[in-house]
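Now for the letters of each chain:
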Amino acid sequence: MSYPEVNKGAGSQALLRQGWATFFGAPTCLDLEKLKADIAFLGVPLDSTTNDRPGSRFGPAGVRDVSMRYQHHDWGGWLDQETGEQILQGVTMADCGDVDIRVVDLDTNFNKISRAVEMVLGNGALPVLVGGDHAITYPSTRAFHRPLDIVYFDAHLDFTDEFKGVKFSHDNPLRRVSELSFVQGITIIGIRGALSFANPYWEAKEKGAVIIPSLDIRRHGVDAALSRIPGLGDTYVSVDIDVLDPAVAPGTGYPEPGGIAYYELKDALVNIARRSNVVGFDLVEVAPWFDPTQRTARTAARLILDFLGEVFAIRPDASGRMARKTEVVSVKGGAQ
Ligand code: MN
Ligand code: MN
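Anyway, here's the lowdown on the structure attached to this text. Keep in mind it's a predicted model, so treat the numbers as computed, not measured.

### Side note on the pairing of strand E10 (residues 277-284)
In the case of a regular strand, side chains alternate between the two sheet surfaces. Burial within E10 is extensive, with seven of its eight residues counted as buried. Each parallel crossover has a hand, and the one from strand E9 (residues 234-240) via helix H8 (residues 262-275) to E10 is right-handed.

### Concerning the coordination of the manganese ion (ligand 1)
Tetrahedral coordination by four donors sets the ideal angle at the metal to 109.5 degrees; octahedral coordination by six donors sets it to 90 or 180 degrees. Protein coordination at the manganese ion (ligand 1): the donors are His-134 (ND1), Asp-154 (OD), Asp-158 (OD) and Asp-240 (OD), at 2.1 to 2.2 Å from the metal. Of note, the donors binding the manganese ion (ligand 1) are all from one chain and are spaced H-x19-D-x3-D-x81-D. Here the manganese ion (ligand 2) and the manganese ion (ligand 1) are spaced 3.3 Å from one another, each receiving a donor from Asp-154. For Asp-158, a relative accessible area of 4% gives the class buried.

### A short note on the side chain of Thr-22
Position of Thr-22 among the secondary structure elements: in the segment before strand E1 (39-44). In this structure Thr-22 comes out as buried when scored by relative accessible area, which is 6%. Reaching out from Thr-22, the side chain makes a polar contact with the backbone oxygen of Ala-26 at a distance of 2.7 Å. When near neighbours in sequence (up to four residues on either side) are disregarded, Thr-22 contacts Thr-28, Arg-64, Ser-67, Met-68 and Asp-95.

### Observations concerning the coordination of the manganese ion (ligand 2)
Distances from the manganese ion (ligand 2) to its protein donors, namely Asp-154 (OD), His-156 (ND1), Asp-240 (OD), Asp-242 (OD) and Asp-242 (OD), fall within the range 2.0 to 2.6 Å. Taken in chain order, the donor set of the manganese ion (ligand 2) reads D-x1-H-x83-D-x1-D.

### Some thoughts on the layout of surface pockets
Rolled over the atoms, a probe with the dimensions of a water molecule shows which regions are left empty. Of the pockets and cavities examined, the largest pocket occupies roughly 790 Å³. Taken together, 34 residues make up the lining of the largest pocket; nearest its centre are His-156, Thr-160, Asp-171, Leu-195 and Tyr-254. Looking at the lining of the largest pocket, the elements with two or more residues in it are helix H5 (199-206) and strand E8 (210-213). Per-element accounting of the lining of the largest pocket gives the leading share, three residues, to H5. Residues that form the lining of the largest pocket fall into these classes: 15 nonpolar, ten polar and nine charged.

Quick notes on the rules
- Residues numbered from 1 in each chain as written.
- Chains lettered and ligands numbered in written order.
- Predicted model: local features only at pLDDT ≥ 70, side-chain atom pairs only at ≥ 80, totals over all residues.
- Heavy atoms only, no water.
- Buried < 20%, exposed > 50% of the residue type's maximum accessible area, 1.4 Å probe, protein only.
- Helix = DSSP H or I, 4+ residues; strand = E, 2+ residues; numbered from the N terminus.
- Right-handed = clockwise from strand over helix to strand, strands pointing away.
- Donors = N, O, S within 2.8 Å, 3.2 Å for Na, K, Ca; no water.
- Polar contact = N/O pair within 3.5 Å; in protein donor to acceptor, adjacent residues only side chain to side chain.
- Contact = heavy atoms within 4.5 Å.
- 1 Å grid on protein atoms, 1.4 Å probe; cavity = no way out; pocket = protein on both sides within 12 Å on 5 of 7 lines; lining within 4 Å.
- Points joined across faces, edges and corners; volume = space filled by probe spheres on them.
- Nonpolar A, V, L, I, M, F, W, Y, C, P; charged D, E, K, R; others polar.

Spelled out as structure tokens, the structure:
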């Protein structure tokens, strides 16, 4: 008598994934004191400051889940079939779990986020935060305590000083970031939409922010539109997934008509990685309940890979020698 073959886990086809998801299948590191990896993923399931449709608290779990589509096992990296490049070969990653967010207490949550980023930086890893709503960018960037340029992809400015007494919602983070003494240049890419309350637009311009609307990219192409960006040093890159056209990324709380497509955002991220030294990165506002086909989360996961691939790319240095631009702290060994 023969039995149908049963799923044997690793090595079987496993149509339904077994075990738990981690970002890109990376080993977990739930004790940040013991972090030893080049890239540290932190989920930040905070969406209590969303002023339209909440739900991005499920973003870390949603992106984590679909990122298993790109799971790999031996740190051999991935072949980008369109560029012919092998990306992230030998670069180690750790999934540091989610910051322990509590209901209501924003101060405590912000302090936990800042502390987690400080610990990642203290261990020499690149912090990659997956939100959560955009409010998390302020506690993340304030943890750097050193000169920082900001590149902010968003349909929205997020530059409101305060509205009806609220200063720390997902409408304010870039304004709060701009007030940090060590923040230098600010570039905002992908802006669009009609404002009835226009002060943030003029105030961002007054403070010297470079604003590149979505339409500039659509009309002139990525490289021409981004040529207005001044020199970038150590740079923190923040991506609000609503910078994408809602036709591409509907799973977000505050979609705006218009916007750019996957290839344009990929090219823009590569452009920024090439011209700066990326020291921090977040991707926010993925809201899986508005994403029944998972296309938003899948696009987000792919863009994270694309961007990190370029941040850790091996390119000729000033002397023409091939080198990794971003230092790899632990080529072997992975996370604890
Ligand atoms: Mn935003
Ligand atoms: Mn936005």
